Amino acid sequence: MSTEYRVPAHAVEITYEVKKSRFIAQAHFADSREQALALLSQAKLAYPDARHHCWAYYIGDPQAPSLVAFSDDGEPSGTAGKPILHVLQHKNIGDLMLIVIRYFGGIKLGAGGLVRAYGQAAQLAIDGLETKAILALADYTVEGDFKFEQSLRHWLENHAGTVQAVRYSECATLDVGVPVQGEQAFVDFIAAHGAKLASNVKP
C-alpha cells in the first residue's frame, strides 16, 4: 500500500449523447459503501424518470481497494457496470463513486454499443475530474480503559489519524485509521499504554 493516493477533489457531472440516448455521468468522492449508496439515492432523486442508474465504486487505496462493486441496474449483464468499473480500474483514483444515468432515446444500441457508451461517459467524467492527494490509512481496532480513549484520540489528532467508530462495554473499543507511514509509532504507543490491538486488526 502506498503512503498516499489521489481522490476526487470535487464532484463532476457530464452529459454524453449516442443515437438519442442521453448518458449523464457523475463522479463523486465516497470513502464508504454507505456514502456511495447515498450518492446513488441522490442521483435517483435528481433524475427520477431515467431508465437506468448504473454505477461502480472503488473505495480505499486504488492499488489495494477495500471495497469494489458495480451494478448494471437493468441493462444487459456486463454492458454498464463493468465498463464503468473498467475505467475506474485504470485511473489510479481511490474513494471514487461513478454513476452513469441513461435516458433511452428509442434506438437500441446493442450490447457492444452499450459497453462503448457507458465506458465513454465514465471516461468523460474522469477526464473532467480534479483530484487531490490524501494519506493512506491502515485500519486497527483498539481496546483500552476509558481514560486511555482520550489519550488515543489526542495521539490520532496529532498524527493525522481518524476515529471511525467507538463501542463501550467494560472498556472502550475504537476502530481507528492510522497513516501507513506511522504504523510502528502507533503500535509502540499502544504497547506503552498497556492497551491492546483486537484480533480483527487489518494492517
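Just so we're clear, the structure is a prediction, and the values are computed from it rather than from any experiment.

Caption draft 1: Looking closely at the pattern of salt bridges. In the structure shown here, the tally under the stated rule is three salt bridges. Here Arg153 ties to Glu149 by a salt bridge, and the two come within 2.9 Å at their closest N and O atoms. In this pair, Arg153 and Glu149 are both assigned in helix α4 (residues 146–158), four residues apart and thus about one turn of the helix distant. Taking relative accessible area as the criterion, Arg153 reaches 31% and is therefore assigned partly exposed. In this structure Glu149 comes out as buried when scored by relative accessible area, which is 10%.

Caption draft 2: A look at the confidence of the model for the protein. The predicted model of the protein has a mean per-residue pLDDT of 89, with 96% of residues at 70 or higher. Strand β6 (residues 96–103) holds the highest mean pLDDT among the elements of the protein, 97, whereas strand β11 (residues 196–197) holds the lowest, 76. Here residues 199–203 scores under 50 on pLDDT; set against residues more than four positions off or in separate chains, the count is ten contacts.

Caption draft 3: The side chain of His28, seen in detail. As for its position among the elements, His28 is in strand β3 (residues 21–29). In terms of polar contacts, His28 uses its side chain to reach the side chain of Gln26, at 3.1 Å. In this structure His28 touches Pro8, Ala11, Leu39, Asp95, Leu96, Met97 and Ile99, once residues within four positions along its chain are discounted.

Caption draft 4: Inspection of the sheet that holds strand β4 (residues 52–59) at higher detail. Taking strand neighbours across the sheet as the criterion, the five strands line up as β2-β3-β6-β4-β5 in an open arrangement whose pairing is antiparallel. Strands with a single pairing partner mark the edges of an open sheet, and in this sheet they are β2 (12–18) and β5 (67–71). Strand-to-strand twist of the sheet, defined as the mean angle between neighbouring strand axes without regard to direction, takes the value 15 degrees. Bridge analysis of β3 against β6 gives eight bridges, and the strand direction is antiparallel. Residue pairing for β6: Phe23 is matched across the bridge by Arg102. This element, helix α2 (residues 81–89), spans β4, β5 and β6 of the sheet and lies at about 30 degrees to β4. Taken strand by strand, helix α3 (residues 110–127) contacts β2, β3, β4 and β6, and its axis lies near 150 degrees from that of β2.

Analysis parameters
- Residues numbered from 1 in each chain as written.
- Predicted model: local features only at pLDDT ≥ 70, side-chain atom pairs only at ≥ 80, totals over all residues.
- Heavy atoms only, no water.
- Salt bridge = Lys/Arg side-chain N within 4 Å of Asp/Glu carboxyl O.
- Helix = DSSP H or I, 4+ residues; strand = E, 2+ residues; numbered from the N terminus.
- Buried < 20%, exposed > 50% of the residue type's maximum accessible area, 1.4 Å probe, protein only.
- pLDDT = per-residue confidence, 0-100.
- Contact = heavy atoms within 4.5 Å.
- Polar contact = N/O pair within 3.5 Å; in protein donor to acceptor, adjacent residues only side chain to side chain.
- Pairing = 2+ DSSP bridges.
- Axes fitted to C-alpha atoms, helices over the stretch in contact; angles between N-to-C directions.

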